[in-house]
Amino acid sequence: MSASERPFLHHSYILSELAGSAGNFGTVLPLLFAVSVSCGMNISIMLLWAAAWYIITGLYYRIPIPVEPLKAVGAIAIAESVTPHLIAASGIVMGIICLCIGFFGWMDRVRQVIPEPVIRGVQLGLALIFIKSAIPGFILPDISFALLSVSIVGAFFLTRRVVKIPDLSALTIIVSGFFVAIFSAGFPSFISIPVPLLEIPSPNDFFYATIHFVPPQLPLTLTNAILATSLLAHDLFKREENPDTICKTVGMMSLSASLCGGFPMCHGAGGLAAHYRFGARGGLSLLFGGVLLFMIGILCSDLEISGALPVGMFGVLLIVVAVELAKHGLKTDNIIVSGLIAVLAVPFGLAIGFCAGLILAWVLIHRKNHLTP
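In this report, the structure presented in the accompanying data block is examined. (Residues numbered from 1 in each chain as written. Predicted model: local features only at pLDDT ≥ 70, side-chain atom pairs only at ≥ 80, totals over all residues. Heavy atoms only, no water.)

## With respect to the overall build of the protein chain
The helix and strand inventory of the protein chain stands at 18 helices and two strands. Scaling as 2.2 N^0.38, a compact globule of 373 residues should have a C-alpha radius of gyration of about 21 Å, and the protein chain matches this with 20 Å. Projecting the C-alpha coordinates of the protein chain onto the three principal axes gives extents of approximately 70 × 55 × 45 Å. Sorting the 373 residues of the protein chain into buried and exposed places 53% on the buried side. A fraction of 86% describes how many contacts in the protein chain between residues 6 or more apart in sequence connect residues 24 or more apart. (Helix = DSSP H or I, 4+ residues; strand = E, 2+ residues; numbered from the N terminus. Rg over C-alpha atoms; globule rule 2.2 N^0.38 Å. Buried < 20%, exposed > 50% of the residue type's maximum accessible area, 1.4 Å probe, protein only. Contact = heavy atoms within 4.5 Å.)

## Side note on the side chain of T332
Considering the arrangement of structural elements, one finds T332 in the loop between helix 16 (312-329) and helix 17 (335-348). The exposure class assigned to T332 is buried, which follows from its relative accessible area of 14%. At a separation of 2.7 Å, a polar atom in the side chain of T332 contacts the side chain of S338. In this view, T332 contacts E116, P117, R120 and S338; residues no more than four positions away in its chain are not counted. (Polar contact = N/O pair within 3.5 Å; in protein donor to acceptor, adjacent residues only side chain to side chain.)

## A few points about the environment of C247
You can see C247 is positioned in helix 12 (residues 243-259). Setting aside anything within four residues of it in sequence, one finds C247 in contact with C98, I101, G102, M107, L222 and I226.

## Side note on the packing of helix 2 (residues 25-39) against helix 14 (residues 284-299)
When two helices pack together, you describe them by how their axes are tilted relative to each other and by the distance separating the axes. Remark: helix 2 packs on helix 14, axes separated minimally by 13 Å, with the N-to-C direction vectors making an angle of 25°. By the criterion of interaxial angle, the relationship of helix 2 to helix 14 is roughly parallel. Helix-helix and strand crossings are classified by hand; for helix 2 and helix 14 the assignment is right-handed. Contact with helix 2, carried on its side by F25, L29 and F33, involves G289, L292, L293 and I296 of helix 14 and no other residues of that element. (Axes fitted to C-alpha atoms, helices over the stretch in contact; angles between N-to-C directions. Parallel < 35°, antiparallel > 145°, perpendicular 65-115°, else oblique. Left-handed = near helix turned anticlockwise from the far one by under 90°.)

## Focus: a nonpolar patch on the surface
A cluster of nonpolar side chains, namely I55, L59, I193, V291, F294 and M295, defines an oily patch on the protein surface of about 550 Å² accessible area. Where the nonpolar patch is concerned, the elements lending two or more residues are helix 3 (43-61) and helix 14. The dominant element in the nonpolar patch, judged by the number of residues it contributes, is helix 14, at three residues. Following the sequence through the fold, V291 ends up in helix 14. (Patch = residues over 30% accessible without salt bridge, like charges linked within 9 Å, V, L, I, M, F, W, Y side chains within 5 Å. Areas by Shrake-Rupley, 256 points an atom, 1.4 Å probe, with all protein chains shown as cover. Salt bridge = Lys/Arg side-chain N within 4 Å of Asp/Glu carboxyl O.)

## A closer look at the packing of aromatic side chains
The way to describe two aromatic rings as a pair is by their centre distance and the angle between their planes. Tallying each qualifying case throughout the model produces seven aromatic pairs. A ring pair is formed by Y60 and Y61, whose centres lie 4.8 Å apart and whose planes are at 85°; its orientation type is edge-to-face. Looking at Y60, the relative accessible area reads 52%, which means it is exposed. Look at Y61 and you get buried, because its relative accessible area is 2%. Residues F104 and W106 carry aromatic rings whose centres are separated by 4.9 Å and whose planes lie at 15° to one another, so their mutual orientation is stacked. (Phe/Tyr/Trp six-rings, centres within 6.5 Å; stacked < 30°, edge-to-face > 60°.)

## Quick word on the pattern of salt bridges
The final tally for this structure, using the stated rule, is three salt bridges. Across the pair E68 and K71 runs a salt bridge whose closest N-O atoms are separated by 2.5 Å.

## Focus: unusual backbone geometry
In terms of backbone geometry, most residues other than glycine have negative phi values and most peptide bonds are trans. Unusually for a residue other than glycine, R62 sits at a positive phi of about 65°. Turning to its location among the elements, R62 is positioned in the loop between helix 3 and strand 1 (68-69). Positioned with a positive phi, K238 is a non-glycine residue whose angle comes to about 55°. Looking at the element boundaries, K238 is found in the loop between helix 11 (214-237) and helix 12.

## Concerning helix 9 (residues 169-185)
Between its first and last C-alpha, helix 9 extends 24 Å over 17 residues, near the 24 Å set by a 1.5 Å rise per residue. Its buried side turned inward, helix 9 meets helix 2, helix 8 (143-160), helix 14, helix 15 (303-308) and helix 16. (Expected span 1.5 Å × (residues − 1).)

## Observations concerning the packing of helix 2 against helix 16
Between helix 2 and helix 16, the shortest axis-to-axis distance is 9 Å and the interhelical angle comes to 130°. Taken together, the axes of helix 2 and helix 16 are oblique relative to one another. When you trace helix 2 past helix 16, the crossing you get is left-handed. In this structure, helix 2 contributes G26, T27, P30, L31, F33, A34 and V37 to the contact, and helix 16 contributes F314, L317, L318 and V321. Class assignment for the residues of the contact of helix 2 with helix 16 results in nine nonpolar, two polar and no charged. (Nonpolar A, V, L, I, M, F, W, Y, C, P; charged D, E, K, R; others polar.)

## Here we look at the environment of L15
The topology assignment puts L15 in helix 1 (residues 5-21). C-alpha separation for the pair L15 and V163, spaced 148 residues apart in sequence, amounts to 18 Å.

## Some points on the state of the cysteines
One pass over the structure, following the stated rule, counts zero disulfides. Unpaired in terms of disulfides, C260 finds its nearest cysteine sulfur in C98, a separation of 18 Å. (Disulfide = S-S within 2.5 Å.)

## Description of the side chain of S230
Here S230 shows up in helix 11. Taking relative accessible area as the criterion, S230 reaches 10% and is therefore assigned buried. A polar contact of 2.5 Å, which involves the side chain of S230, links it to the backbone oxygen of E241. Setting aside chain neighbours within four positions, we find S230 in contact with E241, P243 and I246.

Note that all results are geometric; they support no functional claim without further evidence.
In structure tokens, the structure reads:
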């Protein structure tokens, strides 16, 4: 390699990492903003915790292991407008469970207990809940910006069929939303960094979270956020990331953020694929992503700015996330089990759907084993 080529390759790598840093923002940002609107959580504190764990994860793993919100907790929180203390309780419980599983090395046992169609059903159920929440709660109240957001998504979709460019539709929608908010409310004259406060949920919050949030979230976290992420890291980077280690970092993220006003976080195979697809190859992409999230969080500390953000963009982005989840959910090899969970999730909640689907899956497996000579 000549000396003249080295700066070009260096700059090319930095640009690639910068482009890949926003690869998973289409999942992270709409969920956090929608939770803020529906549940009254401080968006700046949630974004700052996400930014901190982006940076810590990038420094620790040195590859773009994603950081994203717990999707089942987010879906239920948005749909039911639950209290911040209930969200905190669910994150604390999830964090403790993941830390215990990781430290005791139980991920191999987990793999044998939860059938794959159950996970696919939870993904389908999440997709339906996101769509149900997005249309009446965000799109219909702000139909004009929702249509603009749809046009941006469509423009990138059509352009990428002709020219190989990153899908920056989510980032473009969010930047447009902030432009509208600043134009409406004015540029903030004073910006401060919010101070996270210790969150101590009540015993009732812990009880409700354990029976309502944990059953649908735990299998999704253990399989998609941990086992599938470990497998994909090996496929893309030839790195052996121990599932028990990933489980421990999920536990630390979820526990620390939930105790101090943030939203519980995890990893995810879809997020890893998104970062990689848009150019991320190392931990530098997560450092860039953390800085971007930090800047957005600081800007949102101005309540006039965050209050002026057009809610239509959150609805469209939630539907984009729902479509991505549904694509993975439809990969099921047992549509009866997965479909049952999805159908029950909308009227009765993910916890009911998960339990019904898990029982049906176990019955079918037992019956198959009993009939097999």
